[in-house]
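# Summary of structural features
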Protein chains: 2
Amino acid sequence: MVEFIEGGITTPQGFKAAGVHSGVKYRSLDLGMLYSEVPATAFKAFTSNKVKAAPVQLMINDNSPKLSAVVVNSGNANALTGRRGYEDAETMQKAVAKELGIDPKTVGVMSTGLIGRFMDMHKVQYGISRAAKELDVGRNADGLLCESIMTTDTIKKECAARVRLQDGTLVYISAISKGSGMISPHLKALHGTTLTLITTDAVLTSEFSHEFQRTLDDSMNMVSVDGDQSTNDTCIMLANGLAGGKPADKDENFIEALRMVMTKIARTIAMDGEGATKLITVEVNGAKTKDDARLVVKTVINSPLVKSAIFGSDPNYGRVMMALGNSGAEFNLEEVHLVIKGGDLEVPILDSGAPVFQEERSVEVVRMAMDNKEVILQLDLGVGSESAVGWGCDLTYDYVRINAEYST
Amino acid sequence: MVEFIEGGITTPQGFKAAGVHSGVKYRSLDLGMLYSEVPATAFKAFTSNKVKAAPVQLMINDNSPKLSAVVVNSGNANALTGRRGYEDAETMQKAVAKELGIDPKTVGVMSTGLIGRFMDMHKVQYGISRAAKELDVGRNADGLLCESIMTTDTIKKECAARVRLQDGTLVYISAISKGSGMISPHLKALHGTTLTLITTDAVLTSEFSHEFQRTLDDSMNMVSVDGDQSTNDTCIMLANGLAGGKPADKDENFIEALRMVMTKIARTIAMDGEGATKLITVEVNGAKTKDDARLVVKTVINSPLVKSAIFGSDPNYGRVMMALGNSGAEFNLEEVHLVIKGGDLEVPILDSGAPVFQEERSVEVVRMAMDNKEVILQLDLGVGSESAVGWGCDLTYDYVRINAEYST
């Protein structure tokens, strides 16, 4: 029903993209633009950090139901920049509008990079003017936009899927994202600096907002690289309706496809966390409430002790229980189950609250399970039927190196 | 009034100490004992982690108002060990009672080390029997007990002070502590694995419990090495009254002395955090509530991005504001002040919400301030008059190394 395909942000009909070097960064691409030939229904979600970057404030104030374009710059977050920063974000909006002949209020703005520095608007305006001229469809344009929004990312995060709706319409969904550090999104209607753009040619109405939030809550909002939520996190989905057919707001096939796309993007962000060598997936079952299940997932994936143990494949599983105990969630220790999975190995650690292994030989099996690119921690809390899944990464020497040297 | 003196856990009258090698650890001292010649009024505080180690459960169940001895082992936390672990903790208690000829319920038990392994009780009992025979006063005995409770600690944490009470009585207060990783105590009446023992020959009654908690809330509970709260944190203060005089429960000199001792211990724990090269002190003023002030301190000192920036002396101060925004505390961005201090430098960063520096030259001054053994971050939230101070440390390559290899 849902089929992942080779494709990018311009795979759905009617979208064009560009990515250029404006000069804000020394060498790499640093300004991207997305354009929809027809105004698209826009779904937006922003960081819950109380210190919000200027473009985030602008988007919240605009609250535009439809967007025709989104401009994104990397290298400077335009955060902690006061009134001047806000005006700079507006200037970006107006410059795009002028180049494309559209209403400024239909232009989305996203920024990522250093906090607390003013934008070099001369360079940004030059970049906008070039990007507008280079808007294009196809894999090359996809790649340029994707690359232009990257900061410490080491891999491109893009994903495309095709799905047949219940009314027979064939629609496409694509997503790109950036984010490697300061990642613990809690995007309210979304957070990290994660910047995420989703395009679809499906017909969607504002009714879809709640489903959009639910999808984010189970995907982007369940990723944490370092527990630090950015000032700039933004997720924008543009639905331009060019595939035709009936509104897909309640179409289960569409919802399934969007969830699959967003889950894939979320996993990729975690996998590419700053300095990461391993993806950590935490699955919590048997929780009393959904919030409890999420809380345990977040506490475990954010624990520096759990993260560094997994980096070293150190079978110090007591730390997972330490994190569970700190989460604040309700559990029944005498019913708690913990399983560590990696590769083909599935090692029961705690069975009804009691350690399964005490022998040194078995500790070695835990180490072997942990010595894989993806380590899965499965916890059953034994007090209910709610569950949650989330993704993080190991804490490594490179995370420290990257963040001890970031601004210089 | 309060005078720090060269001294240790047996400096107050009537206390004896010992530390021996029982064999739980391969080579280092791993079992310590503290004894008071007369039953002492006991003030206890334990981890708030819902997964509590066996000795913590036992101490909570006993709830003994008076203690004559405390036994501490390192190398094994006796946590996640179920009924067998609980019985092992009781066995430790009884073994000490038998050796010293006292009631088992007057024996405190503390453990620290690996989680999820059963204790080797043969070795522990041998250690208890030896320690009981070696109980002594003086700096050598102080040092042995202090050393026997260490795990990844690199320095001994001990402190002694003398204070003249308002009624003229001269009393002594001493404290020792261990704790380097899994440190984010939230000791309820105390958390990390911090284990802390305080002795005093002052007369105190149970009335002093609230002041004891307040002192912990402003000292031990404001330390965080990694935001991970242990299953084993325990703080026990023994007041044996041998200095005579009136109860010191409300004596401001005594309270001041205890606060000074505990603050010094708290700073030492932060400074000796796993892999730490720098002490980070966060001072928050102008908060609406005390809880808000504490929340901001904790969020800033726990941010891996702030911690790694300070490790690298990277003047990426936007991260402090990112952490403030995530704390959940109330603040007025337009009134927020941020100052970074280090050595003789005091650099204003944010003045009424606006960055003070934009020039590269000034960024260099921030780097110089951060390039000190103690870096102080002062934040004024601009919405009230409450304040809090807390201590943490930088996030370094060594933290990762220590915790990627801990159990092996």
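Below you will find a few notes about this structure. Here the residue numbering is sequential within each chain, running from 1 through the sequence in written order. Key to labels: chains lettered from A, ligands numbered from 1, both in the order written. The predicted nature of this model means local features are confined to residues of pLDDT at least 70 and side-chain atom pairs, given and counted, to a pLDDT of 80 or more, with totals for whole chains, interfaces and linings taken over all residues. Side-chain measures here rest on the full set of heavy atoms in the structure, leaving out hydrogens and waters.

### A few points about the packing of helix α7 (residues 290-302) of chain A against helix α9 (residues 318-326) of chain A
Residues and elements named next belong to chain A. Throughout, an axis means a line fitted to C-alpha atoms (over the contacting stretch in the case of helices), and angles, computed between N-to-C directions, take values from 0 to 180 degrees. Where helices and strands are cited, they refer to DSSP runs of H or I of at least four residues and of E of at least two residues respectively, numbered from the N terminus. It is the contact of α7 with α9, at a shortest axis distance of 9 Å, that shows an interaxial angle of 135 degrees. The angle between the axes of α7 and α9 places the two elements in the oblique class. Relative to α9, α7 is oriented so that their crossing is right-handed. Across from V296, T299 and V300 in α7, the residues of α9 making contact are V320, A323, L324 and N326. Ten residues, namely Ala, Val, Leu, Ile, Met, Phe, Trp, Tyr, Cys and Pro, are considered nonpolar, four, namely Asp, Glu, Lys and Arg, are considered charged, and the remaining ones, Gly among them, are considered polar. Taken together, the residues that form the contact of α7 with α9 break down as five nonpolar, two polar and no charged. Here the angle decides the label: under 35 degrees means roughly parallel, over 145 means roughly antiparallel, 65 to 115 means roughly perpendicular, and every other value means oblique. Helix crossings are classified by the rotation of the near helix relative to the far one: an anticlockwise turn of less than a right angle makes the crossing left-handed, while a clockwise turn makes it right-handed. Residue contacts are defined here by distance: any two heavy atoms, one from each residue, within 4.5 Å place the two residues in contact.

### Here's the deal with the nonpolar core
Counting 220 residues, the largest nonpolar core has F254(A), L377(A), L379(A), F254(B), L377(B) and L379(B) as the members making the most contacts within it. With sequence-adjacent residues up to four places away left out, L379(B) is seen in contact with E283(B), V284(B), N285(B), V296(B), V300(B), V320(B), M321(B), L324(B), V336(B), H337(B) and L338(B). Throughout, nonpolar core names a set of buried Ala, Val, Leu, Ile, Met, Phe, Trp, Tyr and Cys residues whose side chains join them through atoms within 4.5 Å. Each residue is assigned to one of three classes by its accessible area relative to the maximum for its type, calculated with a 1.4 Å probe on protein chains only: buried under 20%, partly exposed between the two thresholds, exposed over 50%.

### Some details on the interface of chain A and chain B
Of the residues lining the interface, 57 residues belong to chain A; the matching set on chain B comes to 57 residues. For the pair chain A and chain B, the summed buried area comes to about 4,700 Å², and 57% of that belongs to carbon and sulfur atoms. We count a salt bridge whenever a side-chain nitrogen from Lys or Arg sits within 4 Å of a carboxyl oxygen from Asp or Glu. The interface formed by chain A and chain B holds zero salt bridges in total. For this analysis, a polar contact is any N or O atom pair within 3.5 Å, provided that within protein one partner can donate a hydrogen and the other can accept it, and provided that sequence-adjacent residues contribute only side-chain to side-chain pairs. Connecting chain A to chain B are 10 residue pairs in polar contact (both at pLDDT 80 or more). A quick way to say it: buried area is the sum, across both parts, of accessible area lost when two parts are put together, with a 1.4 Å probe.

### With respect to the sheet that holds strand β12 (residues 345-351) of chain A
All names here are of chain A. Think of it this way: DSSP has to see at least two bridges between two strands before they count as a pair. Sheet architecture is open: six strands sit in the order β13-β12-β11-β14-β10-β15, paired in mixed fashion. In this open sheet, the two edge strands, each paired with only one partner strand, are β13 (354-355) and β15 (386-393). As paired elements, strand β10 (residues 279-287) and strand β14 (residues 374-380) share seven bridges and run parallel to each other. By the bridge assignment for β14, V284 is matched with L379.

### Considering the relation of the copies chain A and chain B
At an RMSD of 0.0 Å, chain A and chain B line up after a rotation of 180 degrees and a shift of 0.0 Å along the axis. Viewed as a symmetry operation, the transformation between the two copies matches a two-fold axis. In terms of proximity to the rotation axis, the leading residue of chain A is Y397(A), whose C-alpha is 2.6 Å off the axis. When you check the interface residues of chain A against chain B, 100% turn up at the interface there too, and the contact is symmetric in its surfaces. Only residues with pLDDT of at least 70 in both copies count here: their C-alpha atoms drive the least-squares fit that superposes the copies.

### Overview of the packing of helix α8 (residues 304-311) of chain B against helix α9 (residues 318-326) of chain B
All names here are of chain B. Look at α8 against α9: their axes get within 9 Å of each other, and the N-to-C directions meet at 160 degrees. Of the possible angle classes, the one that applies to α8 and α9 is roughly antiparallel. Here the hand of the crossing between α8 and α9 comes out left-handed. Where α8 approaches α9, its residues L305, V306 and A309 are matched on the opposing element by R319, V320 and M322.

### Section: the packing of aromatic side chains
Residue and element names in this part refer to chain A. Here a Phe, Tyr or Trp ring, Trp counted by its six-membered ring, pairs with any other such ring whose centre lies within 6.5 Å, and the pair is stacked when the planes are under 30 degrees apart, edge-to-face when over 60, and tilted otherwise. Counted by the stated rule, this structure contains nine aromatic pairs over all chains. Relative to F254, the ring of F208 has its centre 5.6 Å away and its plane inclined at 70 degrees; by these criteria the two rings are edge-to-face. In this pair, F208 is assigned in the loop between β8 (195-200) and α5 (209-218) and F254 in helix α6 (residues 252-271), connecting sequence segments 46 residues apart. Assessed through its relative accessible area of 0%, F254 is described here as buried. Counting every residue linked through ring pairs, the aromatic cluster contains F43, F208, F212 and F254.

### Some points on the pattern of salt bridges
All names here are of chain A. With the rule as written, the count across this model stands at 36 salt bridges over all chains. Across the pair R267 and E374 runs a salt bridge whose closest N-O atoms are separated by 2.9 Å. In this pair, R267 sits in helix α6 while E374 sits in strand β14, placing the two residues 107 residues apart along the sequence. A relative accessible area of 26% places R267 in the partly exposed class. When its relative accessible area of 24% is taken as the criterion, E374 is described as partly exposed. Salt bridges sharing common partners tie together E211, R214, D218, R259 and R294.

By themselves, these are just geometric observations and shouldn't be taken as functional.
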